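The residues making up each chain are set out below.
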Amino acid sequence: MKKIHILISLLVIFSFGCEQKIDFPVPEGGAQRLVVDGIITNETKAHQVKLSYSSQYNSSVIPLVENAVVQITDGTNRYLLQEIGNGIYETDPLVQGEIGKTYTLEISLQNGEDYRAQSTMQAIGNIDSLRVELFTEEIEDGVEELYGIYADALILSEYFMIETKVNGQKYGTIRDIRHEETRFYANGRLVDEEVNTLNKEDSSLVDGNNTVTIRMSSIDQNYQEFLNGFNAQLNRGDDGLGGLFEGPAANVPSNINNGALGAFGAFAVTEKNIIINK
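Residues numbered from 1 in each chain as written. Predicted model: local features only at pLDDT ≥ 70, side-chain atom pairs only at ≥ 80, totals over all residues. Heavy atoms only, no water.

Any details on the packing of aromatic side chains? Residues and values, ideally.
As enumerated under the stated definition, the model contains 4 aromatic pairs in all. Seen from their ring centres, Phe 226 and Phe 230 are 5.4 Å apart, and the 45° between their planes marks the pair as tilted. Placement of both Phe 226 and Phe 230 in helix H1 (residues 221-234) is noted, with a separation of 4 residues, approximately one turn of the helix. Of the two residues examined, Phe 226 and Phe 230, each falls in the buried class. Grouped by ring-pair contacts, the aromatic residues Tyr 223, Phe 226, Phe 230 and Phe 267 constitute a single cluster. (Phe/Tyr/Trp six-rings, centres within 6.5 Å; stacked < 30°, edge-to-face > 60°. Helix = DSSP H or I, 4+ residues; strand = E, 2+ residues; numbered from the N terminus. Buried < 20%, exposed > 50% of the residue type's maximum accessible area, 1.4 Å probe, protein only.)

Shown next as structure tokens:
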């Protein structure tokens, strides 16, 4: 039977609220697939869930989910998310997740379909210090200058994720989001660990002082497996653009039930700033 590839567009919010469109093919399964990208953290803010549908591979239109009923509950409190447009639903800005609680995402669509996902928020620890070192690296046509960002930190969660902001804006793409297992670090300690590198000539860096934010988030095993599968799919194929014909995105693990794609995560976060003078 001939396979028709379907476009899965994940508008990845992650904890910095930055969106990136990722396209994956999935063999035709008859109906559209719901794509979920949702996060709640221990920060006091409006936490967002993004809902969209899969679409035909050559389509430039991303079908967004409207008029859904989206709720997050911790077993005691129940938060009804408000639709703000573009498939985004968000909590009241005063909502703050709590470490140790298990959060359940509940989604009810107009067609009667219901979806659920759970994630437990683990403690993250703290970033003790950051330092920057400028170094050069040989490339094919010469050398380039890079800023290495190094951290001393204590990680309490089983898995963790590292993101970077430069001057308030997310740096890089989803490929630059690092996710690790804490067991590979003695006593959960990162000691002068390189957490990112920034090209000195990157357009996000301005002349003078630049504020670089390193953000670490606790993630659970389900979210770690989602990120592993997501990045494995991105890295497949010779095109380096997600291996668009190298396997189905349906192979990417999801903690959403009822055949949905994407993931829901409850994160505790810690972050620290450092100044780079270019």
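Here the narrative resumes, following the displayed structure.
So, the sheet that holds strand E17 (residues 189-199): which residues are in play, and what are the values?
Taken in spatial order, the 3 strands line up as E12-E13-E17 in an open sheet, and their pairing is antiparallel. Taken across any chain shown, the strands that pair with only one partner, and hence form the sheet edges, are strand E12 (125-139) and E17. Averaged over all pairs of adjacent strands, the angle between strand axes in this sheet comes to 25°, irrespective of strand direction. Pairing between E12 and strand E13 (residues 142-155): 14 bridges, direction antiparallel. Within E13, the residue paired with Ile 127 across the bridge is Ala 153. (Pairing = 2+ DSSP bridges. Axes fitted to C-alpha atoms, helices over the stretch in contact; angles between N-to-C directions.)

How would you sum up the pairing of strand E4 (residues 48-53)? Please name residues and give values.
Of all 6 residues making up E4, 5 are buried, and the element is well covered by its neighbours. The hairpin formed by strand E3 (residues 34-41) and E4 contains 6 residues between the paired strands. Across 3 bridges, E4 lies against strand E9 (residues 88-90) in antiparallel orientation. Looking at E9, one finds that Val 49 is bridged to Tyr 89.

Give me the lowdown on the nonpolar core, citing residues and values where you can.
Core analysis: the biggest nonpolar cluster contains 48 residues, and Leu 34, Leu 51, Val 70, Leu 198, Ile 214 and Met 216 have the highest contact counts within it. At 5 residues, the largest contribution of residues to this core is made by E13. Beyond its immediate chain neighbours, meaning those up to four positions away, Ile 214 contacts Ile 127, Leu 130, Ile 149, Ile 162, Glu 163, Thr 164, Val 195, Thr 270, Glu 271 and Lys 272. Core analysis: the second largest hydrophobic core is formed by 15 residues, Tyr 159, Leu 227, Phe 230 and Val 252 among them. (Core = buried A, V, L, I, M, F, W, Y, C linked by side-chain atoms within 4.5 Å. Contact = heavy atoms within 4.5 Å.)

So what about the environment of Thr 120? Which residues, and what values?
Summarising the element assignment, Thr 120 is placed in strand E11 (residues 114-120). In this structure, the C-alpha to C-alpha distance between Thr 120 and Asn 222, residues 102 residues apart in sequence, is 10.0 Å. With residues near it in sequence (within four places) discarded, Thr 120 still touches Gly 100, Lys 101, Thr 102, Asp 220 and Ala 266. Of note is the side chain of Thr 120, whose polar atom sits 2.7 Å from the side chain of Thr 102. (Polar contact = N/O pair within 3.5 Å; in protein donor to acceptor, adjacent residues only side chain to side chain.)

Run through the pairing of strand E18 (residues 209-219), naming residues and quoting values.
The buried fraction of E18 is high, at 9 of 11 residues. For strand E14 (residues 159-166) and E18, the ladder comprises 8 bridges, and the chain directions are antiparallel. Opposite Phe 160, over in E18, you have Ser 218 as the bridge partner. Sheet analysis places E18 next to strand E20 (residues 269-277), joined by 9 bridges and oriented antiparallel. Pairing of Asn 210 across the sheet is with Ile 276, part of E20.

If you had to explain the pattern of salt bridges to someone new, which residues and values would you point to?
A complete count under the given rule lists 14 salt bridges for this structure. With a closest N to O distance of 3.4 Å, Glu 98 and Lys 101 form a salt bridge. Judged by relative accessible area, which is 41%, Glu 98 ranks as partly exposed. One salt bridge in this structure joins Glu 193 and Arg 178, with 2.6 Å as the shortest N-O distance. Pair noted here: Glu 193 is in strand E17 and Arg 178 is in strand E16 (residues 178-181), with a separation of 15 residues, a long-range link. Taking relative accessible area as the criterion, Arg 178 reaches 17% and is therefore assigned buried. (Salt bridge = Lys/Arg side-chain N within 4 Å of Asp/Glu carboxyl O.)

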